[in-house]
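Chain residues, written in single-letter form:
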Protein chains: 2
Amino acid sequence: MRGAVIHAPGDVRFETLDDPKILHPTDAIIRTAITCVCGSDLWPYRGAEPIGDPHPMGHEYVGFVEEVGSEVTSVQPGQFVVGSFATSDNTCANCRNGFPSNCLHRKFMSTCQAEYVRIPNAGGTLVALDETPDKSLWPSLLALSDVMGTGWWAAEAAEVKPGSTAVVVGDGAVGLCGVIAAKEMGAERIIAMSRHESRQKLALEFGATDIVTERGEEGVARIKEMTDGIGAGSVLECVGTAQAMSQALHSTRPGGNVGFVGVPHGVAVDGQELFFSHVGLRGGPAPVRRYLPDLIERVLTGRIDPGKVFDLTLPLAEVAEGYRAMDERRAIKTLLTP
Amino acid sequence: MRGAVIHAPGDVRFETLDDPKILHPTDAIIRTAITCVCGSDLWPYRGAEPIGDPHPMGHEYVGFVEEVGSEVTSVQPGQFVVGSFATSDNTCANCRNGFPSNCLHRKFMSTCQAEYVRIPNAGGTLVALDETPDKSLWPSLLALSDVMGTGWWAAEAAEVKPGSTAVVVGDGAVGLCGVIAAKEMGAERIIAMSRHESRQKLALEFGATDIVTERGEEGVARIKEMTDGIGAGSVLECVGTAQAMSQALHSTRPGGNVGFVGVPHGVAVDGQELFFSHVGLRGGPAPVRRYLPDLIERVLTGRIDPGKVFDLTLPLAEVAEGYRAMDERRAIKTLLTP
């Protein structure tokens, strides 16, 4: 089969790879329906994370089950499945507590920009649809495997409640999905911090009520002006840089919450500053598997359409251009068709 | 009048001071019924915080109203009052959101180890009792002005719920009051981390179900053994050092919460570590004023008896010995009688 391999910063290639095989009785193999490039894939692509030996890429997927290991009973060959970027057995103590993305047997997916993919913990990870959905829904279902689930988690961790004010820091796909989530959770006011016109437009379409273009302390000052001088009750940090975290913490009112879902790079939180802010802070890899049944239902009934974050579709063979377009901000998110 | 003045680390003196006067129409003057020394007073006493010029000390008090400013209508001269260490107008946006200890007009109390005290924002800060309570209840009411309220906040911030498991890091007065709070909130299992026999005994009396004497990573390993290998759902960090924070974070299960109420000294939280832990973190100066009506009721009805944390009572004139006894861990908390 063929798939994406990263060799060095800026160097992603489409190559012939070994077909994946069942390695454990809890594995499944899927034929990729569609896959995509994630904002977090840009960390190594930009040299902000070590790459080491050349290796496959990708952790978002929807597909058709090809083969299952002997212990996998919840999905069958032929079914259309959605799964999380973090696999989970769905039975361990952390899974039972609602944190499948901290499953004691978790494996992070990392080979999904390819024609076929091995899914560890397949029984706990994959959710099969009753029937193959219309192709028009595939992008939104694909978004559930990471960005929409991650936006949902940002809003949950930020404790968005009906009537509340939510601020979204970051206008990438996750931030935009965070806007969807905040709206679904009943936020009355949703302030998207964005300076890119196409993203502002999508944020407004997804339910943002206000756009703030300023960043850093200027952005914080704007948010405070809009929130009685004290900041918002819920702030979704969807970037992962020190600047974004600082902007998020300072935009939150005493007693409010920051949900942080951008993988932190160079972020340290000063204990005394956090203490005197009275801000609650929670983040992590999104417990996507917990959300899947609900989010699939919202997609199938047309309530949400997170697939709109894909503004570039390319054949999988052109994956390198998909990375470039996102790196250069010509695309919010690239969808890849095998 | 006379009161305590700190001159240098280890040097607290009982001196003659100017009588406090009404400076603002929102002030009140109280005659101190009893006051005490706080664990946080030991930071400057031990040289861990700069002292600057000699200045009065103390932020915990119950007393009798002597005089009120022209705008104070909620309390009257002669009444027995309890108040918070952080004054609040009880009307600003932060107060309305439940965070009076982040009141936009907040002043921290700092002159309470004295015969008379000026209370800023008196109308919003002081809660008058219907009648002067029996002297036997004064210590528990005094505890509400800080340590009991702070323990309550630690448990609230750690999201202690009925049936949950709570770990308390720190066996000072606040940690011990955290045990009381966790019990009142319905925790099924309360693990107190303590290596001092007298404090262990009080923790058990207050409702702790288990004592862990190990500290640091050994302590964490013990907690994990007791919690299915994953940690506790709620951890109360009642110290404020980097070691205590690390112990608290590592003792918490994914999806669990740390409530941190020890003023952080040298604490920095690594963003990536917090991210992958899935632990929620919230702290700050306790919103004591919000709790006062409820906690006063619990004291007056005999439901809780946080005054037991005072294991040394001295005349106010012997305040220096009160500090020494706590510094040398001969006392958990020193009560002072003017």
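You'll find the structure just up there.
Cut-offs used in this document
- Residues numbered from 1 in each chain as written.
- Chains lettered and ligands numbered in written order.
- Predicted model: local features only at pLDDT ≥ 70, side-chain atom pairs only at ≥ 80, totals over all residues.
- Pairing = 2+ DSSP bridges.
- Helix = DSSP H or I, 4+ residues; strand = E, 2+ residues; numbered from the N terminus.
- Least-squares fit on C-alpha atoms with pLDDT ≥ 70 in both.
- Contact = placed C-beta atoms within 7 Å.
- Axes fitted to C-alpha atoms, helices over the stretch in contact; angles between N-to-C directions.
- Buried ≥ 20, exposed ≤ 12 C-beta atoms within 10 Å, placed from the backbone.
- Arc of directions from axis to C-beta.
- Nonpolar A, V, L, I, M, F, W, Y, C, P; charged D, E, K, R; others polar.
- Core = buried A, V, L, I, M, F, W, Y, C linked by C-beta atoms within 7 Å.
- Right-handed = clockwise from strand over helix to strand, strands pointing away.

Turning next to the sheet that holds strand β4 (residues 55-56) of chain A. Residue and element names in this part refer to chain A. Strands sit in the order β2-β1-β4 across an open sheet of three strands; the sheet is antiparallel. Single-partner strands in this sheet number two, and they are β2 (11-16) and β4. Looking at chain direction, strand β1 (residues 2-8) and β4 are connected through two bridges and run antiparallel. Bridge assignment links I6 to a residue of β4, and that residue is H55.

Another point: the relation of the copies chain B and chain A. With an RMSD of 0.0 Å, the fit of chain B onto chain A corresponds to turning through 180° and sliding 0.0 Å along the axis. Viewed as a symmetry operation, the transformation between the two copies matches a two-fold axis. Take the interface residues of chain B: 100% of them recur as interface residues in chain A, which is what a same-surface contact looks like.

The next point concerns the sheet that holds strand β2 (residues 11-16) of chain B. Residue and element names in this part refer to chain B. Reading across the sheet, the three strands line up as β2-β1-β4 and stay open at both edges, with antiparallel pairing between neighbours. Edge strands, defined here as strands with exactly one partner in the open sheet, are β2 and β4 (55-56). Against the sheet, helix α12 (residues 319-327) contacts β1 (2-8) and β2, and its axis sits at roughly 160° relative to β2.

Turning to helix α8 (residues 216-226) of chain B, a few remarks are in order. Residue and element names in this part refer to chain B. Those residues of α8 that fall on the buried side of the exposure criterion are G219, V220 and I223. Looking straight down α8, one finds that the buried residues subtend no more than 100° of arc, so they occupy a single side. Away from the buried face of α8 by more than 90 degrees, exposed residues E217, E218 and E225 are located. Considering only its buried residues, α8 is in contact with β9 (165-169), β10 (189-193), β11 (210-212), β12 (232-237) and α9 (242-250). At the C-terminal side of α8, D228 shows a positive phi close to 55°.

So, about the interface of chain B and chain A. In this complex, chain B contributes 30 residues to the contact, which on the side of chain A involves 30 residues. Contributions of two or more residues to the side of chain B that touches chain A are made by α2 (93-96), β13 (252-260), β14 (268-270), α10 (271-277) and β15 (280-283) of chain B. Of the residues in the side of chain B that touches chain A, the class split is 15 nonpolar, eleven polar and four charged. When strand β14 (residues 268-270) of chain A meets β14(B), the two strands line up antiparallel, connected through three bridges. Note on β14(B): the bridge partner recorded for D270(A) is A268(B).

Attention now moves to the nonpolar core. Residues A166(A), V168(A), A166(B) and V168(B) are the most contacted members of the largest nonpolar core, which totals 213 residues. With residues up to four places along the chain from it excluded, the contact list for V168(A) reads G175(A), G178(A), V179(A), A182(A), I190(A), A192(A), M193(A), L236(A) and C238(A).

Turning next to the pairing of β9(B). Residues and elements named next belong to chain B. Burial within β9 is extensive, with five of its five residues counted as buried. On β9, burial covers both faces: T165, V167 and V169 on one face and A166 and V168 on the other are all buried. Of the strand pairs in this sheet, β9 and β10 are connected by five bridges, and their pairing is parallel. When the sheet's bridge partners are listed, V168 is paired in β10 with A192. Taking the sense of rotation as the criterion, the β-α-β connection linking β9, helix α6 (residues 173-184) and β10 turns out right-handed. Bridge count for β9 against β12 is four bridges, and the pairing is parallel. Its bridge partner lying in β12, V167 is registered against V235.

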